[in-house]
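# Structural overview
Next come the chains, spelled out residue by residue.
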Amino acid sequence: QFPPDQGGDSETGSVLLETGKALANMQRGMFTEALEDLLKVAPLAPNDPDVLVNLCCCTTNLGKKEEFNQYLAKLEQTNPTHPFVVKSKSLPDVFARFAASLTA
């Protein structure tokens, strides 16, 4: 959880702590600050599903579509059964069924 060369009192803190800080910032609508928090720990835990899904959420709220697609692809690759991935992949089918129900 801690950067290997800096220990527990590092500037970035633990991945869990920084992710929690990012979540608090997202709850306050401070998505730029939350993104900064997550980008600090992303290199330390590049496949962490919590970091990746929260990066997806921040980039969506900031309108950064290319970055969102990058983080979603990484999440799909590393955690294909994550609920966010499963739900995201099912949305096109849901909309198709809804559209079909309108024409029926």
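Above: the structure in question.
Being a predicted model, the structure only gives us computed values, none of them experimental. (Residues numbered from 1 in each chain as written. Predicted model: local features only at pLDDT ≥ 70, side-chain atom pairs only at ≥ 80, totals over all residues. Heavy atoms only, no water.)

## Regarding helix α1 (residues 15-27)
- The terminal C-alpha atoms of α1, which comprises 13 residues, lie 18 Å apart, in line with the 18 Å expected from a rise of 1.5 Å per residue.
- Three or more residues of α1 are buried, namely V15, E18, T19, A22, N25 and M26. The buried residues of α1 occupy an angular sector of 115° when the element is viewed end-on, so they sit on one face. Facing away from the buried surface of α1 by more than 90 degrees, the exposed residues are L16, L17 and Q27.
- The inward-facing, buried residues of α1 abut α2 (31-41) and α3 (49-61).
- G29 sits one or two positions beyond α1 and adopts a positive phi of about 80°. (Helix = DSSP H or I, 4+ residues; strand = E, 2+ residues; numbered from the N terminus. Expected span 1.5 Å × (residues − 1). Buried < 20%, exposed > 50% of the residue type's maximum accessible area, 1.4 Å probe, protein only. Arc of directions from axis to C-beta. Contact = heavy atoms within 4.5 Å.)

## Notes on the nonpolar core
- Judged by nonpolar contacts, the single largest core of 21 residues is most densely connected at L38, V51, L55 and C58.
- For this core, the secondary-structure elements that each account for two or more residues are α1, α2, α3 and α4 (65-78).
- Per element, the largest residue contribution to this core is 6 residues, and it comes from α3. (Core = buried A, V, L, I, M, F, W, Y, C linked by side-chain atoms within 4.5 Å.)

## Some details on the environment of F68
- Along the chain, F68 falls in helix α4.
- For F68, a relative accessible area of 18% corresponds to the buried category.
- Expressed as a C-alpha distance, the spacing of F68 and C58, which sit 10 residues apart in the sequence, is 8.3 Å.
- Residues contacting F68, with those up to four places away along its chain left out, are C56, T59, T60 and F84.

## Observations concerning a nonpolar patch on the surface
- Where nonpolar side chains cluster on the molecular surface, the patch consists of L91, V94 and F95 and spans about 280 Å² of accessible area.
- The topology assignment puts V94 in helix α5 (residues 83-103). (Patch = residues over 30% accessible without salt bridge, like charges linked within 9 Å, V, L, I, M, F, W, Y side chains within 5 Å. Areas by Shrake-Rupley, 256 points an atom, 1.4 Å probe, with all protein chains shown as cover. Salt bridge = Lys/Arg side-chain N within 4 Å of Asp/Glu carboxyl O.)

## Some details on the packing of α4 against α5
- One can describe the packing of α4 onto α5 by two numbers: an axis separation of 9 Å at closest approach and a directional angle of 115°. In terms of orientation, α4 lies roughly perpendicular with respect to α5. The two elements α4 and α5 meet at a crossing, and its hand is left-handed. For the pair α4 and α5, contact is made by F68, L72, L75 and E76 and by F84, V85 and K89, respectively.
- Looking at the contact of α4 with α5 residue by residue, the classes come out as 5 nonpolar, no polar and 2 charged. (Axes fitted to C-alpha atoms, helices over the stretch in contact; angles between N-to-C directions. Parallel < 35°, antiparallel > 145°, perpendicular 65-115°, else oblique. Left-handed = near helix turned anticlockwise from the far one by under 90°. Nonpolar A, V, L, I, M, F, W, Y, C, P; charged D, E, K, R; others polar.)

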